[in-house]
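Secondary and tertiary structure notes
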Amino acid sequence: MTVDTLAPVPVSLPLPAALDGRTVVVVGGSSGIGLAAGALLASVGARVVLVARDRDRLAAAVERVRTPASTVVGIAADGTDEDDLRRVLDEAGGPVDHMLVTAGGLAGGPFLDTPADRLRQAVDGRFWGAYGAARVAARAMAPGGSITFSSGLYLQRPIPGAAAAIAILGAVEGLTRTLAVELAPLRLRVNAVRYGVVDTPLSRGSLGLDGDEAVAAAGRSMP
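In this text, all values refer to a predicted model and were calculated from it rather than measured experimentally. (Residues numbered from 1 in each chain as written. Predicted model: local features only at pLDDT ≥ 70, side-chain atom pairs only at ≥ 80, totals over all residues. Heavy atoms only, no water.)

1. Looking at the confidence of the model for the protein
Residue-level pLDDT values for the protein average 88, and 90% of them are 70 or greater. Per-residue pLDDT, averaged within each element of the protein, yields its smallest value for helix H6 (residues 201–206) (64) and its largest for strand S4 (residues 98–101) (97). (pLDDT = per-residue confidence, 0-100. Helix = DSSP H or I, 4+ residues; strand = E, 2+ residues; numbered from the N terminus.)

2. Some words on the environment of Ala-162
By secondary structure assignment, the location of Ala-162 is in the loop between strand S5 (146–152) and helix H5 (163–182). Given a relative accessible area of 13%, Ala-162 falls into the buried group. The spacing of Ala-162 and Gly-108 is 54 residues in sequence and 4.7 Å in space, taken between C-alpha atoms. (Buried < 20%, exposed > 50% of the residue type's maximum accessible area, 1.4 Å probe, protein only.)

3. So, the packing of aromatic side chains
We describe a pair of aromatic rings using the distance from one ring centre to the other and the angle between the two ring planes. Taken as a whole, this structure holds 3 aromatic pairs when the rule is applied. Centroid distance Phe-127 to Trp-128: 4.9 Å. Interplanar angle 75°. Geometry classified as edge-to-face. Owing to a relative accessible area of 17%, Phe-127 belongs among the buried residues under this scheme. With relative accessibility at 48%, the residue Trp-128 sits in the partly exposed group. Put simply, the rings of Phe-127, Trp-128 and Tyr-131 pair up and form one aromatic cluster. (Phe/Tyr/Trp six-rings, centres within 6.5 Å; stacked < 30°, edge-to-face > 60°.)

4. Re the environment of Arg-47
Relative to the helices and strands, Arg-47 resides in strand S2 (residues 47–52). The class of Arg-47 is partly exposed, set by a relative accessible area of 23%. Residues Arg-47 and Leu-19, 28 residues apart in the sequence, show an inter-C-alpha distance of 8.5 Å. Other than its neighbours up to four places away in sequence, Arg-47 contacts Arg-22, Thr-23, Val-24, Thr-71, Ala-92 and Gly-93. (Contact = heavy atoms within 4.5 Å.)

5. Overview of the pattern of salt bridges
Within the structure shown, the criterion is met by 11 salt bridges. Put simply, Asp-97 and Arg-22 hold a salt bridge, and the shortest N to O gap is 3.5 Å. Highlighted residues: Asp-97 in the loop between helix H3 (82–91) and S4 and Arg-22 in the segment before strand S1 (23–27), separated in sequence by 75 residues. Among the residues examined, Asp-97 registers a relative accessible area of 16% and is labelled buried. Of the charged contacts in the structure, one is a salt bridge between Glu-173 and Arg-177, with a shortest N-O distance of 3.8 Å. (Salt bridge = Lys/Arg side-chain N within 4 Å of Asp/Glu carboxyl O.)

6. Quick look at helix H4 (residues 116–140)
Over its 25 residues, H4 runs 35 Å from end to end, which matches the ideal 36 Å to within 8%, given 1.5 Å per residue. The largest bend in H4 amounts to roughly 30° and is located at Ala-122. The set of residues buried in H4 consists of Leu-119, Gly-125, Arg-126, Phe-127, Gly-129, Ala-130, Gly-132, Ala-133, Ala-134, Val-136, Ala-137 and Ala-138. Lining the buried residues of H4 we find H3, S4, S5 and H5. (Expected span 1.5 Å × (residues − 1). Bend = angle between axes of the 7 residues up to and from the residue.)

Next comes the structure, spelled out in structure tokens:
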């Protein structure tokens, strides 16, 4: 699919009204940032599609996000598999307007003691998952749609023991900049959000934050 013509300029309302009635797919929506984003989107009237591998956690997430006035569905799928994501968009029940990609683990360990093979699955899943999700979304979205990836502040303020995880943030941001240019003729926006330390199950486990005090201490040096 080569982009050689300009799509019409979309007209939309300011946020958050622009999300009312729009369908947003959250890849990695069963916990952490994805789950919180799903709840926020539902609260402003968006139709939310949560995507995750674990069916039980996904079902619990849907119940947590759903409100009497909202439409929230969960579709079990592998967020790193393009075929699975195409199925998600088929099952979403209508056009998809936005996609948020938060799925992916953190690959860590002391650099000199951690062979590449131990990190390859997490690294591949984070980058190729973002790459594949964007390919699927860009083919399905109308002008005015958006794709948003997750990045992190550690890209600018690195810490020891996270060389692969931080390098992949750089790769995702490079992908973001490139797609922002390449998909601009389709009137699709592509962005990445650099998060700081966010209190999620993933960050607690990967960073060894074993309690509320540890989480607070980790965030004191960040805005």
